[in-house]
Amino acid sequence: MVDALGVAVVGFGWMGRVHTQAYARVPHHYPQLGLRPRLVTVAEEVPGRAEEAARQFGFASTTRDWREVAADPRVRAVSITAPNFLHRQIGVAMAEAGKHIWIEKPVGLTADDARAVADAVAAAGVQGAVGFNYRNAPAVESARELIAGGEIGTVTHVRIRLFSDYAAHPDGALTWRYERERGGSGVLGDLASHGADLARFLLGDIASLTADTAIFVPERARPTGATAGHALASGGVLGPVENEDYVSCLLRFASGARGVLEACRVSVGEQNNYGFEVHGTRGAVSWDFRRMNELAVSRGTTYQDQPVSTVYVGPGQGEFGAFQPGAANAMGYDDLKVIEAYRFLRSIAEGTPHGTTLADAVHSAVVLDAMARSAKTGSWVNLPVS
């Protein structure tokens, strides 16, 4: 018997749409799951956007006030895809109302915000998942197993990159993403948060770091109406960009490994150039998001001139088998969010966490706060190690 689970989405920009589509697809890829998500309501303050979502995806009701979602007894789980500055307030309120939450990163503007949501989830005894989608890629999970199994020897160093051009256009609108008060950190929260999570997921705790940041597009035009995504706005009143376009960071891991994490949102010529290269004493493994279902692996005893092989993930690695029947069949970005939705719903069904948790969000946020502090002081910053 399959139980229906009333779900809501708060904030219906692009990511709200992705969450909604993931809920709709979960039963097709995971028919064995004992819960079937039912779209109860969508909350969006932009006039007309919630109604459009209801027409397209079949939400039973709409609202412009997320507080009505917290009070709605039909809703048992909530996706929080609103702007960053609302994450703490909404996340805490939903948890206190007894709702399970799937919340996008970064969880608030600071590590204190992430802790507040994590504490509320723990106190309420509900499940909490976070949108660190790249760790859900079967190839990334396979790389983690390969590293943990010692197949490349002892890890010596890693490079993690997240380069994109979504904010490269000088006419990009000055939305909340570029303001400290509403967006918090810039590329740190948007992209480097994924890098911090991948670093810990693959190699364990970061012990210390030093970082540098920069703003390369110092002014943007204010939009004259509601925006979604990364819209352009020319001719408006110019305002200052208050948070970072770029960050570079040196990492020291508790294991003794070293790392470099670099992220930029204004990299002309780069479209979602996300990935990592991990080197060990006997080999290496690398992953490129744009070739999401492949790993480049070098292992053996040759050391010098040791060849690199392309390895295609397939059934039996991560959640690949829920989407494709054989290796080298492609998966895409939205599939990663379906995996995330499945693990969130499974956590609810079984009462135990599967996939990312609010603890992971706190760890990432602590790293981001340390990056910001280091960039300001020019010094190394030590981090707590579990």
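None of these values were measured; they are calculated from a predicted model.

Reading guide: rules and limits
Think of each chain on its own: its residues are numbered from 1, step by step along the sequence as written. Given that this is a predicted model, residues contribute local features only at a pLDDT of at least 70 and side-chain atom pairs are listed and counted only at 80 or more, while totals for whole chains, interfaces and linings are drawn from all residues. Side-chain measures were taken over the full set of non-hydrogen atoms in the model, leaving aside hydrogen atoms and water. Put simply, buried Ala, Val, Leu, Ile, Met, Phe, Trp, Tyr and Cys residues joined by side-chain atoms within 4.5 Å make one nonpolar core. Between buried and exposed lies partly exposed: a residue is buried under 20% and exposed over 50% of the maximum accessible area for its type, with that area taken using a 1.4 Å probe on protein chains only. Only heavy atoms matter for contacts: two residues are in contact if any of them lie within 4.5 Å across the pair. One bridge is not enough; two strands pair if DSSP finds at least two bridges between them. Only DSSP runs of H or I with at least four residues qualify as helices, and only runs of E with at least two residues qualify as strands; both kinds are numbered from the N terminus onward. Every axis in this analysis is a line fitted to C-alpha atoms, fitted for helices over the stretch in contact. Angles between the N-to-C directions lie between 0 and 180 degrees. Stacked, edge-to-face and tilted are the three classes for Phe, Tyr and Trp ring pairs, Trp counted by its six-membered ring, which pair at centre distances within 6.5 Å; planes under 30 degrees apart are stacked, over 60 edge-to-face, the rest tilted. Think of it as a cone above the ring: NZ of Lys or CZ of Arg counts as a charge over the ring if it is within 6 Å of the ring centre and within 35 degrees of the ring normal. In protein, a polar contact means a hydrogen-donor-capable atom and an acceptor-capable atom, both N or O and within 3.5 Å, with residues adjacent in sequence counting only if both atoms are side-chain atoms; elsewhere, any N or O pair within 3.5 Å suffices.

*Asks:* Hey, could you go over the nonpolar core for me, with residue numbers and the actual values?
*Replies:* Residues M94, L202, V278, V285, W287, L358 and M371 are the most contacted members of the largest nonpolar core, which totals 115 residues. Look past the residues within four positions of M371 in its chain and what remains in contact with it is L188, A192, L209, A211, V247, C249 and L261. Core analysis: the next-biggest nonpolar cluster, separate from the first, contains ten residues, F163, V241, Y246 and V266 among them.

*Asks:* Lay out the sheet that holds strand β5 (residues 100-103) in plain terms, naming residues and giving numbers.
*Replies:* One open sheet holds the six strands; their spatial order is β3-β2-β1-β4-β5-β6, and the pairing between them is parallel. Only two strands of the sheet have a single neighbouring strand rather than two, namely β3 (61-63) and β6 (128-130). Taken pair by pair, the neighbouring strands of this sheet meet at an average axis angle of 25 degrees, ignoring direction. Here strand β1 (residues 3-10) runs beside strand β2 (residues 35-43); their pairing, made up of eight bridges, is parallel. From the neighbouring strand, V10 faces β2, where its bridge partner is A43. Across the sheet, helix α2 (residues 49-57) lies against β2 and β3, angled at about 160 degrees from β3, the strand it touches most. Contacting β1, β2, β4 (77-80), β5 and β6, helix α9 (residues 333-350) crosses the sheet at an angle of about 160 degrees to β5.

*Asks:* Explain the packing of aromatic side chains to me, and be specific about the residues and the numbers.
*Replies:* According to the stated counting rule, one finds 15 aromatic pairs in the structure shown. Taking the centre distance of 6.2 Å and the plane angle of 90 degrees together, the rings of F12 and F59 count as edge-to-face. Note that F12 is positioned in the loop between β1 and α1 (14-29) and F59 in the loop between α2 and β3, a separation of 47 residues in sequence. Judged by its relative accessible area of 5%, F59 is buried. Taken together, the aromatic side chains of W14, Y134, Y274, F276, W287, F289 and Y333 make up a single cluster linked through ring pairs. One Lys or Arg, R144, reaches over the ring of F201 and ends 4.2 Å from the middle of that ring. Positioned over the ring face of W380 is R252, at 3.8 Å from the centre of the ring.

*Asks:* Lay out unusual backbone geometry with the relevant residues and their values.
*Replies:* Here the residue pair K105 and P106 is connected by a cis peptide bond, since its omega of -15 degrees sits within 30 degrees of zero. Turning to its location among the elements, P106 is positioned in the loop between β5 and α5 (111-124). Phi at N272 takes a positive value of approximately 50 degrees, unusual for a residue other than glycine. Looking at where N272 falls in the secondary structure, it is placed in the loop between β12 (258-264) and β13 (273-280). For N272, a relative accessible area of 33% gives the class partly exposed. If you check the backbone angles, A328 has positive phi at about 75 degrees while not being a glycine. Position of A328 relative to the elements: it lies in the loop between β16 (309-312) and α9.

*Asks:* I'd like a rundown of the sheet that holds β12, residues and numbers included.
*Replies:* Strand order in this open sheet of nine strands is β16-β15-β14-β13-β7-β12-β11-β8-β17, and the pairing throughout is mixed. Across the chains shown, the open sheet's two edge strands, defined by having one partner strand only, are β16 and β17 (381-382). In the sheet, strand β11 (residues 246-253) pairs with β12 via seven bridges, with the strands oriented antiparallel. Across the sheet, residue S248 finds its bridge partner in β12, namely E262. Set on the sheet, helix α10 (residues 358-377) makes contact with β8 (206-214), β11, β12 and β17; between it and β8 the angle comes to about 55 degrees.

*Asks:* Please provide a residue-by-residue account of the environment of E45, values included.
*Replies:* By the secondary structure assignment, E45 is in the loop between β2 and α2. The exposure class assigned to E45 is exposed, which follows from its relative accessible area of 59%. Between the C-alpha atom of E45 and that of A82, which follows or precedes it by 37 residues, the distance is 9.9 Å.

*Asks:* Account for the side chain of E44, with residues named and values stated.
*Replies:* With respect to the secondary-structure elements, E44 resides in the loop between β2 and α2. Classification of E44 as buried rests on a relative accessible area of 10%. Of the polar contacts made by the side chain of E44, one reaches the backbone nitrogen of F12; its length is 2.7 Å. Within the local environment of E44, its side chain forms a polar contact with the backbone nitrogen of V46, the two atoms lying 3.0 Å apart. When near neighbours in sequence (up to four residues on either side) are disregarded, E44 contacts G11, F12, G13, R49, A50, T63 and R64.

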